[in-house]
Amino acid sequence: WAKPLVFTALQAGQWDAEDKNNHCLVLYLDFGGGVLFMGDQEKEEGLAQVLPSDIALLKVAHHGSKRGTSEALLSRVHPEQAIISCGRKNRYGHPAPSTLKRLQQHGVSLHRTDREGTLYYWENPFPWGKRLIVQTEKQQRTMALLLEMLWVAPLIVAIETVRKEDSFQSQAAAAGKRYRAQGRC
């Protein structure tokens, strides 16, 4: 049975604020060990008391810019994995090398949309490994194809078995005809 997805707004967001990046919507999703969506947030000072710790996935702030995803944030939330959503060869140079270095120093497994394309996550049903499993779109299609093949394989075997049985019955009927034609019965 699927449990409900519960989003918690850690910061509601103010679109009329002068500094929109630091007044954006920050969400926490209680799924697979916790997912923190930092939006374009560049400062976490006001969020320190409400940020969860030991999360499964961090959506890196502001496309991986140098001002987002600070040392303090990483020390607080201890993410297993992170995703940076940014375009290939974007004009801002995101993600920033300093952000990548901070994530690496904290031992965070990193996924990037500019290199991997669309990413899919689901909860790991096993007690070992990462709490969330990630796959690229290509891996997702391959997995779907493999599962379809696993589902279809028994049908193919059953059809072939029926064909062989039909062939055997036809051969037996032909042999019986020949036997009768020769007057042996």
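Everything below is about the structure shown above.
First things first, this report covers the structure right here in the doc. (Residues numbered from 1 in each chain as written. Predicted model: local features only at pLDDT ≥ 70, side-chain atom pairs only at ≥ 80, totals over all residues. Heavy atoms only, no water.)

## So, helix H2 (residues 97-105)
Okay, so step 1: Residues of H2 that are buried include every one of Thr99, Arg102 and Leu103, and no others. With its buried residues spanning 95 degrees around the axis, H2 presents them on a single face. Structural note: H2 exposes Pro97, Gln104 and Gln105 on the side pointing more than 90 degrees away from its buried face.
Okay, so step 2: Just past H2, the residue Gly107 takes up positive phi, approximately 70 degrees. (Buried < 20%, exposed > 50% of the residue type's maximum accessible area, 1.4 Å probe, protein only. Helix = DSSP H or I, 4+ residues; strand = E, 2+ residues; numbered from the N terminus. Arc of directions from axis to C-beta.)

## Comments concerning the packing of aromatic side chains
Okay, so step 1: Within the structure shown, the criterion is met by two aromatic pairs.
Okay, so step 2: Measuring from centroid to centroid gives 4.8 Å for Phe126 and Trp128, while their planes differ by 15 degrees, and the two rings are stacked.
Okay, so step 3: Here Phe126 falls in the partly exposed class, since its relative accessible area comes to 47%.
Okay, so step 4: Since its relative accessible area comes to 57%, Trp128 is described here as exposed. (Phe/Tyr/Trp six-rings, centres within 6.5 Å; stacked < 30°, edge-to-face > 60°.)

## As for the nonpolar core
Burial of nonpolar side chains together is a common tendency in soluble globular proteins.
Okay, so step 1: Within the largest apolar cluster, 20 residues are counted, with the highest numbers of intra-cluster contacts made by Leu36, Met38, Leu51 and Leu58.
Okay, so step 2: Mapped by element, the contributors of at least two residues to this core are strand E2 (26-30), helix H1 (71-77) and strand E5 (81-84).
Okay, so step 3: Of the residues forming this core, the biggest block, three residues, is contributed by H1.
Okay, so step 4: Residues in contact with Leu51, not counting those within four places in the same chain, are Leu10, Leu36, Met38, Leu73, Arg76 and Val77.
Okay, so step 5: Counting nine residues, the second largest nonpolar core, distinct from the first, contains Leu29, Val35, Ala56 and Ile83. (Core = buried A, V, L, I, M, F, W, Y, C linked by side-chain atoms within 4.5 Å. Contact = heavy atoms within 4.5 Å.)

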